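Observations on chain architecture
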Amino acid sequence: MNERMCIVTREGGTAEELIRFVAGPDGTVVPDLKRNLPGRGCWVGAKRGLVDEAVRRNLFKRALKEDVVASVDLGALVDHLLVKNALGSLGLSRKAGQVTTGSAKVEAAIRSGGAIMVTHALEAAADGVRKLDQARKAVAYGGGPVIPSLALFTTAQMDLALGSTNVIHAAALCGSAGENLAKRIAFLARYRELEAIDKAQTTIDAVKETE
């Protein structure tokens, strides 16, 4: 198997760390997020800045060995597709019963060990986020998992994906659909170069140092 290598950094990586691109029929560079489009492909590290740099330096033409055109909006297109994939997975997780919403239900899922990731709407109030952070910290301090927490979507986006109204907090639950949702949300966060709102472990370490 040929090693996947980012055309910007020249560093190898796994499919989960890189994004594949191919030449489209019209000669434009097309992101291949599912990694199944035919033809020669090239790879870029899964970060918006690297995709933008590949466009700016005209690296796709050399990597694909074709006279392709990479749109200046390619980085934004990838972001849009990753959001679409994540929200689609959110809807599928709801149908599978592997996502829960609402502050009280999300907190219960955290404390019971059923939650594997928490996502807040961008409009979420600080007090609501803080309350769920406290639950995550308590679970982690008690020897449970450190549950990542992210804020990437608007309430409107989450409402549409879940077929609900005024969704502010949601949690992906254990199970294949929930795990796929968590993976897609984490990939989007990595692409945007955002760190999880995951202060639980830092807090735990600080407390232990004083004991």
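The structure reproduced in this document is the subject of the present report. (Residues numbered from 1 in each chain as written. Predicted model: local features only at pLDDT ≥ 70, side-chain atom pairs only at ≥ 80, totals over all residues. Heavy atoms only, no water.)

Right, let's get into the environment of valine 30. Secondary-structure assignment places valine 30 in strand E2 (residues 29-32). For valine 30, a relative accessible area of 26% puts it in the partly exposed group. Once residues lying within four places of it in the same chain are set aside, the contact partners of valine 30 are Arg20, Phe21, Val22, Gly24 and Leu37. (Helix = DSSP H or I, 4+ residues; strand = E, 2+ residues; numbered from the N terminus. Buried < 20%, exposed > 50% of the residue type's maximum accessible area, 1.4 Å probe, protein only. Contact = heavy atoms within 4.5 Å.)

Before going further, it helps to spend a moment on the layout of surface pockets. The calculated volume of the largest pocket comes to roughly 400 Å³. Along the walls of the largest pocket sit 17 residues, with Leu33, Arg35, Lys183, Arg184 and Phe187 positioned nearest its centre. Looking at the lining of the largest pocket, the elements that each hand over two or more residues are strand E1 (18-23), helix H3 (74-95) and helix H7 (176-191). The element contributing the most residues to the lining of the largest pocket is H7, with 6 residues. (1 Å grid on protein atoms, 1.4 Å probe; cavity = no way out; pocket = protein on both sides within 12 Å on 5 of 7 lines; lining within 4 Å. Points joined across faces, edges and corners; volume = space filled by probe spheres on them.)

On to unusual backbone geometry, then. A positive phi angle is found at arginine 35, which is not glycine, with a value near 60 degrees. Summarising the element assignment, arginine 35 is placed in the loop between E2 and strand E3 (41-45). Of note in the backbone geometry, asparagine 166 takes a positive phi value of approximately 55 degrees without being a glycine. Structurally, asparagine 166 is set in the loop between helix H6 (155-162) and strand E7 (169-173).

This part takes up the packing of H3 against H6. Relative orientation of the contacting elements H3 and H6 amounts to 45 degrees, with a least axis distance of 8 Å. Taken together, the axes of H3 and H6 are oblique relative to one another. With respect to the hand of their crossing, H3 and H6 are arranged in right-handed fashion. In this structure, H3 contributes Val83, Leu87, Leu90, Gly91 and Arg94 to the contact, and H6 contributes Gln157, Met158, Ala161 and Leu162. A breakdown of the residues in the contact of H3 with H6 according to their chemical character gives 6 nonpolar, 2 polar and 1 charged. (Axes fitted to C-alpha atoms, helices over the stretch in contact; angles between N-to-C directions. Parallel < 35°, antiparallel > 145°, perpendicular 65-115°, else oblique. Left-handed = near helix turned anticlockwise from the far one by under 90°. Nonpolar A, V, L, I, M, F, W, Y, C, P; charged D, E, K, R; others polar.)

A few words now on the sheet that holds E3. In spatial order, the strands read E2-E1-E3; together these 3 strands make up an open sheet with antiparallel pairing. Two strands close off the open sheet at either side, each with one partner strand: E2 and E3. Averaged over all pairs of adjacent strands, the angle between strand axes in this sheet comes to 40 degrees, irrespective of strand direction. Inspection of the sheet shows E1 paired to E2 by 4 bridges, in the antiparallel sense. (Pairing = 2+ DSSP bridges.)

Among the 7 residues that make up strand E5 (residues 115-121), 6 are buried, leaving the element largely enclosed by the rest of the structure. In this structure, E5 lies alongside E7, joined through 5 bridges in antiparallel fashion. Note on E7: the bridge partner recorded for methionine 117 is alanine 172. Here 4 bridges tie E5 to strand E6 (residues 149-153), and the two strands are oriented parallel to one another. Each bridged residue has a counterpart across the sheet, and for histidine 120 the counterpart in E6 is alanine 151.

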